[in-house]
Structure formats: C-alpha cells, structure tokens
Amino acid sequence: MSYSEEQLMREIQKVEFAVVDLHLYLDTHPTDREALTLYNQLAERLKMLKETFSRCYRQLVELHPSYQYPYSWVAGGGWPWTMRGQYMCEEEEY
Amino acid sequence: MNDLCPQRNFIPTVIPIPRYRYTPLAKSYIIFQDLKKLYSLEEGLDKGTIFPELYIPYDPRKHEGGHKYELF
Amino acid sequence: MWIYEKKLEYPVKIKRPDPKMAKYIITQYGGPDGELAASLRYLTQRYSMPTKQAQAVLNDIGTEELAHLEIVATMVHQLLKNASVEDIKAADMGGYYADHDKALFYVDATGNPWSAKYIQSKGDPIADLHEDMAAEQKARATYEWLLNLADDPDVKDPLRFLREREVVHFQRFGEALEIVQDHLASKKYY
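Residues numbered from 1 in each chain as written. Chains lettered and ligands numbered in written order. Predicted model: local features only at pLDDT ≥ 70, side-chain atom pairs only at ≥ 80, totals over all residues.

*Asks:* Hey, could you go over the interface of chain A and chain C for me, with residue numbers and the actual values?
*Replies:* On the side of chain C, 24 residues touch chain A, which itself brings 20 residues to the contact. When the residues that make up the side of chain A that touches chain C are grouped by side-chain class, the tally is 13 nonpolar, 4 polar and 3 charged. (Contact = placed C-beta atoms within 7 Å. Nonpolar A, V, L, I, M, F, W, Y, C, P; charged D, E, K, R; others polar.)

Here it is in structure tokens:
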C-alpha cells in the first residue's frame, strides 16, 4: 500500500490526535491501565508513521535524522501554514 | 398583573448529589470521566475528541432564540 | 524544552480569501480569550501547582494551545494571502493593513494588541484552576460566535474542532481541580 504525502499526513494527524486526547486523559487518570495500553499501542503506530513520512517526504520533527541532502528540514519546506503539492511514495504496508 | 415582581414560589426540594462523600459548600464539583467506547480515529479527528461522552457540538439554533431564564 | 513538529494538529486548507473573516478570527490569535492568552496562562501557572496531575494538565494543555495558536494563525494567513487591497479595504481591515500588511500580529477583532492583563497567575491553585475553567468556557463561546459569522466549510471545520477542544480541556481542568481540592483537604494544617 502506498500513501501520497497528503494521505500519510492525514493518517499521522488522525493517530497523533488520538494520542494527544488520551495523553490528557491519562494526566488525570494515571492509574487507568486500559487507557495506558491503548496509548502505548497508538503511540507506537504513530512513531512508525512518522518514520515513514520522514524517509519518503521530509523531516517532520526537529532533532531527528535527516534522510536527504541538502538538509531536508530546510530544503523540504512543508511549513504547515503553506499548502503543498503531492508526490507518491511506495512504502511498506500498515 | 398586580405585582411586577415575578412570584417566586420557593419549593424546598432535596437535590440528590450523586457522590458518596461529604460535600461541603462553596466549592466546585466535576464528575470524573470513565473510559468507555471511543470513536474511530477518523471520527475523533473530525469531531475534536475521541471520547463520545465529551462530544458536545454547538447547535446555533439554541442561540438564535436567546437564552431563557426560568424562574421558579 | 519544546520540539517543533512540522504539521498542524488539524488540517487547514482555505481556498477562498475572506479578509472580513480574518479580521474576526484573529481575536483567537491575540484577543482576551484567544489561544496565546490560554497557552501563556497555563504555562506560567504550572509552576505553582501542588500535585503531579495538575502540573501535567497545565503543561500539556498549555502546549496543545500553542498548536491551536498555529491553527488560528494558519487560518488568518490563508484568508488574507490572496485578498486584494480593495477587498481588505472593503472588509474594514485597512487600519490593520496600514500597520502590518498581511502579516500576523497579536490583536483582537477590533485591533487591540495582546496584553498580559488578560491573564493571571495567582499562586493559589484553586483560584488559578477556576480561572482556567472560565477561560475554556469563554474561548468556547468565542468559537460559537465565530461559527455564527462564518459560512465557508473550510473555515467552519477547524473552528468546530477548536471549539470541541475547549470542552475537553474544561473537563480536564475540572478533574485537576478535584484532585487539587482533595489534596489540600487531606493536608494537615497546624
């Protein structure tokens, strides 16, 4: 399965949002094991998705490896207030 | 209407407080959320929360009529 | 420290310029009940919270508000980007344009600059958490008035998202308040 940049970004946004919402829930429910398990599962999946995004398109998070030359944090652009075009990236399945 | 003041028929009712502990006055109470079913990831991002019990969307029709304060 | 992520929490893709709507929405950027005020309020109050849970809630909601600040900024930016000076004048935004062109600046809907007077840090966790809960309600109401003013679905969708986050944050501050009240009640004073 392959995702376009926009599709993969949407996937990341979906998973990351669930992680953020659960994270706030856990702040006031730190002993909820069920929520913690779910949080860990989703956070693991999010990590994988971000890794793929960085490899295929551009660096997403600061202080992480840059897979392209020149330094993709700058060269990759993709600042979130701009609207970008898309290319396709063939990647492993999820 | 003889009296411009609205009649306030005070009916003392006991309001059941669904709490097991002593509840002093002059403080706020919030019910703790319990984890129940969650929305799908797609629906969660769409709605702004993954928790169905916290999803309370805005209904503009409620605003159009203005706020109604009911006196007892 | 904070680590930046090159993405929005919720996607914003506004195709139709609308300087009038930009003028209204900017209040959630630099207005009294806006995201900057929210973020700075929570992040500065976290130092005087007495429990781990309350510290986490203030820290993490304060951080999420920065993501919301970025969503609001993106909305204003996209609403103004392709607007003509004529449109800006017609939207009664000429005053803003004279001072800032189409740049983002922290003002409310009528041009008042952001002020630390909008927020408080009292050193009393009960007072601070009540302020935070009120702030979430005021922001929720602002998003509702903005939804009444908006008609473009590209604008309404992120506004609805941001409004719902206020509801969730209110609940979390409420739970933090419960925890802090219990904590203070269990402490022995001599």
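*Asks:* Summarise the environment of lysine 81 of chain C; cite the residues concerned and give the values.
*Replies:* Residues and elements named next belong to chain C. Note that lysine 81 resides in helix H4 (residues 52-81). Take lysine 81: there are 14 C-beta atoms within 10 Å of it, and that puts it in the partly exposed class. Spatially, the C-alpha atoms of lysine 81 and aspartate 18 are 9.3 Å apart, while their sequence positions differ by 63 residues. Those residues in contact with lysine 81 that sit more than four places away from it in its chain are Pro17 and Lys102. (Helix = DSSP H or I, 4+ residues; strand = E, 2+ residues; numbered from the N terminus. Buried ≥ 20, exposed ≤ 12 C-beta atoms within 10 Å, placed from the backbone.)

*Asks:* Hey, could you go over the packing of helix H1 (residues 5-28) of chain A against helix H8 (residues 153-186) of chain C for me, with residue numbers and the actual values?
*Replies:* Following both chains from N to C, one finds H1 of chain A and H8 of chain C inclined at 15°, their axes separated by 9 Å at the closest point. When the interaxial angle is binned, H1 of chain A and H8 of chain C end up roughly parallel. Where H1 of chain A crosses over H8 of chain C, the handedness of that crossing is left-handed. Contact residues: H1 of chain A offers Asp21, Leu24, Asp27 and Thr28 of chain A, while H8 of chain C offers Val168, Arg172, Glu175, Ala176 and Ile179 of chain C. A per-class count over the contact of H1 of chain A with H8 of chain C returns 4 nonpolar, 1 polar and 4 charged. (Axes fitted to C-alpha atoms, helices over the stretch in contact; angles between N-to-C directions. Parallel < 35°, antiparallel > 145°, perpendicular 65-115°, else oblique. Left-handed = near helix turned anticlockwise from the far one by under 90°.)

*Asks:* Describe the interface of chain B and chain A, with residues and values.
*Replies:* Contacts between the two partners involve 9 residues from chain B, matched on the other side by 10 residues from chain A. Broken down by class, the residue content of the side of chain B that touches chain A amounts to 5 nonpolar, 3 polar and 1 charged.

*Asks:* Could you give an account of the nonpolar core, naming the residues involved and the relevant values?
*Replies:* Inside soluble globular proteins, nonpolar side chains tend to come together where they are buried. The biggest cluster of nonpolar side chains holds 73 residues, and the ones touching the most others in it are Ile25, Val72, Met75, Val76 and Ala176 of chain C. Broken down by secondary-structure element, the contributors of at least two residues to this core are H1 and helix H2 (33-56) of chain A together with helix H1 (19-25), helix H3 (35-45), H4, helix H7 (125-149) and H8 of chain C. In terms of residues, this core owes the most to one element, H4 of chain C, which gives 13 residues. If we skip the residues at most four places from it in the chain, valine 72 of chain C touches Ile25, Gln28, Tyr29 and Glu35 of chain C. (Core = buried A, V, L, I, M, F, W, Y, C linked by C-beta atoms within 7 Å.)

*Asks:* Give me unusual backbone geometry: which residues, what numbers.
*Replies:* Proline 70 of chain A follows tyrosine 69 of chain A through a cis peptide bond whose omega is -5°. Along the chain, proline 70 of chain A falls in the loop between H2 and helix H3 (72-75). Positive phi values are uncommon outside glycine, yet aspartate 101 of chain C reaches one of about 55°. Take aspartate 101 of chain C: it is sitting in the loop between helix H6 (94-100) and H7. For aspartate 101 of chain C, a count of 11 C-beta atoms within 10 Å gives the class exposed.

*Asks:* Summarise H2 of chain A; cite the residues concerned and give the values.
*Replies:* Under the 1.5 Å per step criterion, the end-to-end length of H2 of chain A is 35 Å for 24 residues, consistent within 8% with the ideal 34 Å. Buried residues in H2 of chain A make contact with H1 of chain A. (Expected span 1.5 Å × (residues − 1).)

*Asks:* Tell me about the confidence of the model for chain B, and name the residues and values.
*Replies:* Mean pLDDT over chain B: 77, with 58% of residues reaching 70 or higher. Listed scores for the predicted complex are pTM 0.90 and ipTM 0.96. (pLDDT = per-residue confidence, 0-100.)

*Asks:* Can you break down the packing of H3 of chain C against H7 of chain C residue by residue, with the values?
*Replies:* Residue and element names in this part refer to chain C. Interhelical geometry of H3 versus H7 gives an angle of 165° and a closest axis separation of 11 Å. Classified by the angle their axes make, H3 and H7 are roughly antiparallel. Between H3 and H7 the crossing geometry is left-handed. In this structure, H3 contributes Ala38, Arg41, Tyr42 and Gln45 to the contact, and H7 contributes Asp128, Asp132, Ala135 and Ala139. For the contact of H3 with H7, a count of residues per class yields 4 nonpolar, 1 polar and 3 charged.

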